[in-house]
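Notes for the structure review
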Amino acid sequence: MPRWGPAVLDPYEGMELMRVLVTFAVDAEFAGWRKLRKFQRIDYEDLRLFRTNLGGNEITVLLTGVGKQAASRAMDLMMRMADEDKYFDVCISSGLAGALHESLAPGDIIAPLVVRAEFQHADLESDSITVDEDLHKLSVKEGAKCTDCLFTTDRVLLTSKEKQECSSKAQSVDMESFEIVKAACAWGARSVVVRAVSDSFDEDLPIDFNRTLSEDAQISVTKVVMQLAKNPFVLPALLRFGKQSRKAAEGLVSYLDAYVAKLGEVQPEVAPRMAAAR
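Keep in mind that what you see is a predicted model, and the values were worked out from it rather than measured.

Here is what the cut-offs are and how they apply
- Residues numbered from 1 in each chain as written.
- Predicted model: local features only at pLDDT ≥ 70, side-chain atom pairs only at ≥ 80, totals over all residues.
- Heavy atoms only, no water.
- Helix = DSSP H or I, 4+ residues; strand = E, 2+ residues; numbered from the N terminus.
- Core = buried A, V, L, I, M, F, W, Y, C linked by side-chain atoms within 4.5 Å.
- Buried < 20%, exposed > 50% of the residue type's maximum accessible area, 1.4 Å probe, protein only.
- Contact = heavy atoms within 4.5 Å.
- pLDDT = per-residue confidence, 0-100.
- Salt bridge = Lys/Arg side-chain N within 4 Å of Asp/Glu carboxyl O.

1. Considering unusual backbone geometry
Excluding glycine, residues mostly have negative phi values, and the peptide bonds linking residues are mostly trans. The phi angle at Glu 45 is positive, at roughly 50 degrees, despite the residue not being glycine. Looking at where Glu 45 falls in the secondary structure, it is placed in the loop between strand S2 (40-44) and strand S3 (47-54). Backbone geometry at Ala 217 places phi at a positive 65 degrees, although glycine is not the residue there. With respect to the helices and strands, Ala 217 occurs in the loop between strand S10 (190-199) and helix H6 (221-230).

2. Let's talk about the nonpolar core
Counting residues in each nonpolar core, the largest one holds 32 residues, and the members touching the most others are Val 22, Phe 24, Trp 33, Val 61, Ile 92 and Leu 263. Considering each element in turn, this core owes the most residues, nine residues, to helix H7 (residues 235-277). Those residues within four positions of Ile 92 in sequence are excluded, and the remaining contacts are Val 20, Leu 21, Val 22, Thr 23, Val 192, Val 194, Leu 256, Tyr 259, Val 260 and Leu 263. Residues Ala 74, Met 75, Ile 180 and Ala 184 belong to the second largest nonpolar core, which totals 19 residues.

3. Examining the confidence of the model for the protein
Of the residues in the protein, 85% reach a pLDDT of 70 or more, and the chain-wide mean stands at 86. In this model residues 1-15 is a low-confidence stretch, pLDDT under 50, and it forms 25 contacts with partners more than four residues away in sequence or in other chains. Of the regions scoring below 50 in pLDDT, residues 268-278 engages in twelve contacts with residues more than four places distant in sequence or in other chains.

4. A word on the pattern of salt bridges
Per the stated rule, a full pass over the model turns up 16 salt bridges. One salt bridge connects Arg 190 with Asp 134, and the closest N-O pair in it is separated by 3.1 Å. One end of the pair, Arg 190, is in strand S10; the other, Asp 134, is in helix H3 (residues 133-141), with 56 residues separating them in the sequence. Residue classification places Arg 190 among the buried residues on the basis of a relative accessible area of 10%. The partner of Arg 195 in a salt bridge is Glu 176, with the nearest N and O atoms 3.5 Å apart. Linking Arg 195 in strand S10 with Glu 176 in the loop between strand S9 (172-174) and helix H5 (177-187), this pair joins segments that are 19 residues apart in sequence. Owing to a relative accessible area of 5%, Glu 176 belongs among the buried residues under this scheme. What emerges from the salt-bridge pattern is a single network uniting Glu 118, Asp 154 and Arg 155.

Dropping the structure here:
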């Protein structure tokens, strides 16, 4: 049974393509990329998958849903979906992240060296994973800010106080990257994290986004409206935050479009190690 669907036509047809997985939590983070490139929708169980070829690379985008449980489940399904010869060479955990340090501002593209989990996994010796050195160097060369660490939590940090309490652990925070990098490493793929900052370290979020998630780990418009109904005076702040987040996401996909195209230039250097890892 074919698992991946028909290939997307590309001028690199016939070449050995590097297989690249790029993850986002929600469609709003990915939407800008679909305006730049034609992606083909792929259906497999209930995964949200899209594919295109770029710069000699086969790009698969996976929308994981928000949170570590959603990310872990989506990555597990990706592993079941992949044939033995279809594992990914490179995995990029992408999307939005919150700042935990004053050196980061909304819109900044960041590339952390290490991802750290809030709680240590029983099957891991450490609560931290270092990303691939060469992929990280390329991300910084292409304009991302190098940071020491990104902290993956199981909830949205809503207030500047919560962010301050976590600031000693990392410079930024998200809810998916550790699970994504962990799974990719289990495949033997080389992993990197590239994200855009959506909110500053001293910024309180306008509503409780922890209460706005749907059953499939997406942002529920109905639940957002319910939050607004409780406090309609936050509407201007919510609109500002939405605009700020959209601008950050647009900058991120523009960066990714250029970054992924550059992966083809380093393929001769990284391909032998990728083959050895599988």
